[in-house]
Amino acid sequence: MLSCDICGETVTSEPDMKAHLLIVHMENEVICPFCKLSGVNYDEMCFHIETAHFEQNELERNFERINTVQYGTSDNRKDSSLQCRADINSGIHSACASNQPKTSAQSLPKDGTLKHKDFYSENLTESRKFLKSMEKQPDRTELKESIYETMYSPPECPFCGKIEDNSQDMETHVKTKHADLLDTPLEDCNQLLYDCPMCGLICTNYHILQEHVDLHLEESSFGQGVNRVQCSRDLELAQQLQQEEDRKRRSEESRQEMEEFQKLQRQYGLDNSGGYKQQQLRNMEIEVNRGRMHPSEFHRRKADMMESLAIGVDDGKTKTSGVMEALYRYYQNAATDVRRVWLSAGVDHFHSSFGDKGWGCGYRNFQMLLSSLLQNDAYGDSLKDMSVPCIPKIQSMIEDAWKEGFDPQGASQLNNRLQGTKAWIGACEIYTLLTSLRIKCRIVDFHKSTGPLGTHPRLFEWILSYYASEREGSPKVVCTSKPPIYLQHQGHSRTIVGIEERKNRTLCLLVFDPGCPSREMQKLLKQDMEVSTLKQLRKFVGNLKHKQYQIVAVEGVLSSEEKIARRQASQVFTAEKIP
């Protein structure tokens, strides 16, 4: 028996099948056996069945395979049944192979086997007549032979793939070689083969598959054990490498911290490389070696230094006096662009020497401030019988103030020691020293910019209000009794000795810089002082652009009780902040 791949109808012989194909499918409309779709060609119908009725089509294929094996009526080929399409009008024919034979699920009985007369039937007599008429027509012979050659090929065994010459031989082969499979129920036919879930190997027995999978699991367990040992070793190695890297990193960080600390120690004079005396002698020796100082001059200066250190009084070799008087004369007779100027009380200028170059600006500014206070009778009681001290003496005086209990935090930062070092001092140390001498003063912290481009106009306004209590009606040059102001910023300090109010209403500070040598300051003492000479003293708003400025302003004398109160207040040092 032969089964039609399109409609599922079975016929008894190959001529009947050819007639069925020509009459029902090549000349008539193709209809889907599942949903009765029509109006499409053969290729489109094949595609429709494979996509829309895949599950139904597979079920029919299984049923037909079992039926074929039981009855031996199909030529069962792997990709067995060929589906053909012939264009009768042009005489051209083409064929394509489908995966499995197609059978109508509605034509299956309840026992799941295919019966010989269960599909569609046609008038086979008419089909035979049609084939005979084709044989009589010469122009149809070629088409008929093409249909014969394309539609039918030697049958192939569905179980082992063996090919026989005809259906009878294939039926004999199946009954003799695969009789045990023919008795397999339909519901078990798809469970004969078992795929290994791990490697894809196909097994024919469940027990064989189980033993095969157990081997996989044993290999996996052994591999996991090896991997665990290897992972443990890798972990230990990684930990060792990480520990070594951490140790090197900590060592490098410690080295960098030590270098930074030593750099800061050198910068602030705390590297135990000696203080004022050692630096003075070392620099004078360098000058002698370079031929810029005669040996006799070296010994003379050394003797003067030792005498100054012994009595604790500055030798005056860096001092320039009379500058404030010279400024008064200049503003009286010249300075036509200045509307009004306020000058502090008399003050001497001190500049750095070989012994304190690079770190002594704070000490030199204190000498300037003290020189002004010593000339003011209002401070005579507090500074009785006192002279301008040398730098080592100033260091000793600050240490004494710390011992009294002033500014313990600042003392701790400097290791409670200044003598024999090149340690920098700032506004806090100046305040501590003046307060210990019963000089009333205050620290004002201009901690951030108050103008455009990082300027500090509020600083200029504060200094103007300090010197000028009554601005209107005062003369052009005002010599006040106010002491100069100590000005500190990052890395340097200077002394403010006055302020100009120019005709365009801008303000300009007059500043003594300890970095300015005596030969430059001496130019200010000339009768015909030039404007360019005064340039080194003038500082406009645009010239002061450091992030922060601190000032120490003297305001009078303290009583003994006020001194004690301020000493207590200095335990937690605070400053007035503007803004």
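Quantities reported herein were computed from a predicted structural model and do not represent experimental measurements.

Sorry, what's going on with the nonpolar core here?
Nonpolar side chains in soluble globular proteins generally cluster together in the buried interior. If you look at the biggest cluster of nonpolar residues, it comprises 37 residues, and the most contacted ones within it are Phe-366, Leu-418, Leu-434, Ile-439 and Val-552. Residue assignment for this core shows that the elements contributing at least two residues are helix H9 (276-289), helix H10 (295-311), helix H12 (361-374), helix H13 (391-404), helix H15 (427-436), strand S10 (439-446) and strand S16 (549-557). If we ignore the near neighbours within four places in the chain, the residues touching Ile-439 are Leu-373, Tyr-379, Ser-382, Leu-383, Leu-434, Val-554, Gly-556 and Leu-558.

Honestly, unusual backbone geometry in this entry has me stumped. Any pointers?
Glycine aside, the phi torsion of most residues is negative, and most peptide linkages are trans. With an omega of 0 degrees, the peptide bond between Ile-578 and Pro-579 qualifies as cis. The phi torsion at Asp-385 lies on the positive side, around 60 degrees, for a residue other than glycine. In the Ramachandran plot, Asp-407 falls in the positive-phi region, its phi being about 45 degrees despite a non-glycine side chain. If you trace the backbone, Asp-407 turns up in the loop between H13 and helix H14 (408-413). Given the relative accessible area of 4%, Asp-407 is considered buried.

Please clarify how helix H6 (residues 167-177) should be interpreted in this entry.
Since the α-helix advances by 3.6 residues per turn, residues separated by three or four positions end up pointing in the same direction. Turning to H6, its buried residues are Met-170, His-173 and Val-174. For H6, the angular spread of the buried residues around the axis is 95 degrees, confining them to a single face. Along H6, exposed side chains directed more than 90 degrees from the buried face belong to Gln-168 and Thr-176.

Looking at this structure, how should I read the pairing of strand S12 (residues 485-489)?
Two faces make up the sheet, and in a regular strand the side chains alternate between them. The buried fraction of S12 amounts to five of the five residues, a majority that puts the element mostly inside the structure. In this sheet, strand S13 (residues 492-502) lies alongside S12 in antiparallel orientation, the contact comprising five bridges. Considered in S13, the bridge of Gln-488 is made with Ser-493. Hairpin geometry of S12 and S13 is characterised by an intervening segment of two residues between the two adjacent antiparallel strands and by a positive phi of about 85 degrees at Gly-491. Examined bridge by bridge, S12 and S16 share four bridges and lie antiparallel to one another. Residue Tyr-486 lies in a different strand from S16, and its bridge partner there is Val-552.

Conventions used here
- Residues numbered from 1 in each chain as written.
- Predicted model: local features only at pLDDT ≥ 70, side-chain atom pairs only at ≥ 80, totals over all residues.
- Heavy atoms only, no water.
- Core = buried A, V, L, I, M, F, W, Y, C linked by side-chain atoms within 4.5 Å.
- Buried < 20%, exposed > 50% of the residue type's maximum accessible area, 1.4 Å probe, protein only.
- Helix = DSSP H or I, 4+ residues; strand = E, 2+ residues; numbered from the N terminus.
- Contact = heavy atoms within 4.5 Å.
- Arc of directions from axis to C-beta.
- Pairing = 2+ DSSP bridges.

Structural measurements only, silent on function.
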